[in-house]
Amino acid sequence: SESGIEVPKLLLYGGCRDEHDESRVEELRTLASNLDIEDLVEFHLNAPFDELKDALARSLLGIHTMWNEHFGIAPVEILASGVLLCAHNSGGPKMDIISQGTTGFLATDAEEYADTFLQILEKYDKEKRQEIRSAAAESVKRFSQENFLLSFSAATKSIL
């Protein structure tokens, strides 16, 4: 921008498996156009994993809005990448993945998501952001393949 401040963009990554998914993407494109923000929203459908990793490496904030997701590897991957995440305050993110304000953030509606992002951008300095990133990275190690194998082996040891 002219002020030298980078204008944030919403990067949407996800799989597009069928006509229902394609219809949803078209609805979102139309919404962005109607809101006159289409140049601030990018759709990346069925992107290669390396492209997703590159985008996460360049991102500050992540949003995961799925309601009542059972567990959700996507929030874990976002946190592991060092992105500050705000996920829906339900299901796996609420019960198993995020400790509110410590490893990430939880919200239930558009206003709470927006308030959370404003809080992070306006009130959290680099040190506070790094503190949350570090706590999140440490927390999601419990979901690693190595930890899974160790826990599984310990749990099944008596029956094998």
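For the structure, see preceding data.
Residues numbered from 1 in each chain as written. Predicted model: local features only at pLDDT ≥ 70, side-chain atom pairs only at ≥ 80, totals over all residues. Heavy atoms only, no water.

Quick notes on helix H1 (residues 19–34)
Here is step 1: An ideal rise of 1.5 Å per residue puts 22 Å on 16 residues; H1 measures up with 22 Å between its terminal C-alpha atoms.
Here is step 2: For H1, the set of buried residues is Asp21, Val25 and Ala32. Viewed along the axis of H1, the buried residues span an arc of 40°, placing them on a single side of the element. Of the exposed residues in H1, the ones pointing more than 90 degrees away from its buried face are Glu19, His20 and Asn34.
Here is step 3: Where the residues of H1 are buried, they touch strand S2 (41–45). (Helix = DSSP H or I, 4+ residues; strand = E, 2+ residues; numbered from the N terminus. Expected span 1.5 Å × (residues − 1). Buried < 20%, exposed > 50% of the residue type's maximum accessible area, 1.4 Å probe, protein only. Arc of directions from axis to C-beta. Contact = heavy atoms within 4.5 Å.)

Structural notes on a negative patch on the surface
Here is step 1: Negative charge collects at one region of the surface, where Asp109, Glu111, Glu112 and Asp115 lie side by side.
Here is step 2: When you line up the elements, Glu112 lands in helix H5 (residues 110–123). (Patch = residues over 30% accessible without salt bridge, like charges linked within 9 Å, V, L, I, M, F, W, Y side chains within 5 Å. Areas by Shrake-Rupley, 256 points an atom, 1.4 Å probe, with all protein chains shown as cover. Salt bridge = Lys/Arg side-chain N within 4 Å of Asp/Glu carboxyl O. Lys, Arg positive; Asp, Glu negative; His and termini not counted. Charge placed at Lys NZ, Arg CZ, Asp CG, Glu CD.)

Re the pairing of strand S4 (residues 84–88)
Here is step 1: Taken across its 5 residues, S4 has 5 buried, putting it largely inside the fold.
Here is step 2: In the sheet, strand S3 (residues 61–64) pairs with S4 via 4 bridges, with the strands oriented parallel. Its bridge partner lying in S4, Leu61 is registered against Leu84.
Here is step 3: In this fold, S3 hands off to helix H3 (residues 73–80), which returns the chain to S4; that crossover is right-handed.
Here is step 4: Pairing of S4 with strand S5 (residues 105–107), which is carried by 3 bridges, proceeds in the parallel orientation. Note on S5: the bridge partner recorded for Cys86 is Phe105. (Pairing = 2+ DSSP bridges. Right-handed = clockwise from strand over helix to strand, strands pointing away.)

Some details on the environment of Leu84
Here is step 1: Mapped onto the fold, Leu84 is located in strand S4.
Here is step 2: Beyond its immediate sequence surroundings of up to four residues, Leu84 is in contact with Leu60, Leu61, Gly62, Ile120, Arg129, Ile132 and Arg133.

Description of the pattern of salt bridges
Here is step 1: A full pass over the atoms with the stated rule returns 7 salt bridges.
Here is step 2: Among the salt bridges present, the one from Glu27 reaches Arg24, with a minimum N-O distance of 3.3 Å. Of this pair, Glu27 and Arg24 both sit in helix H1, separated by 3 residues, roughly a single helical turn.
Here is step 3: Glu27 gets classed as partly exposed once you look at its relative accessible area, which sits at 44%.

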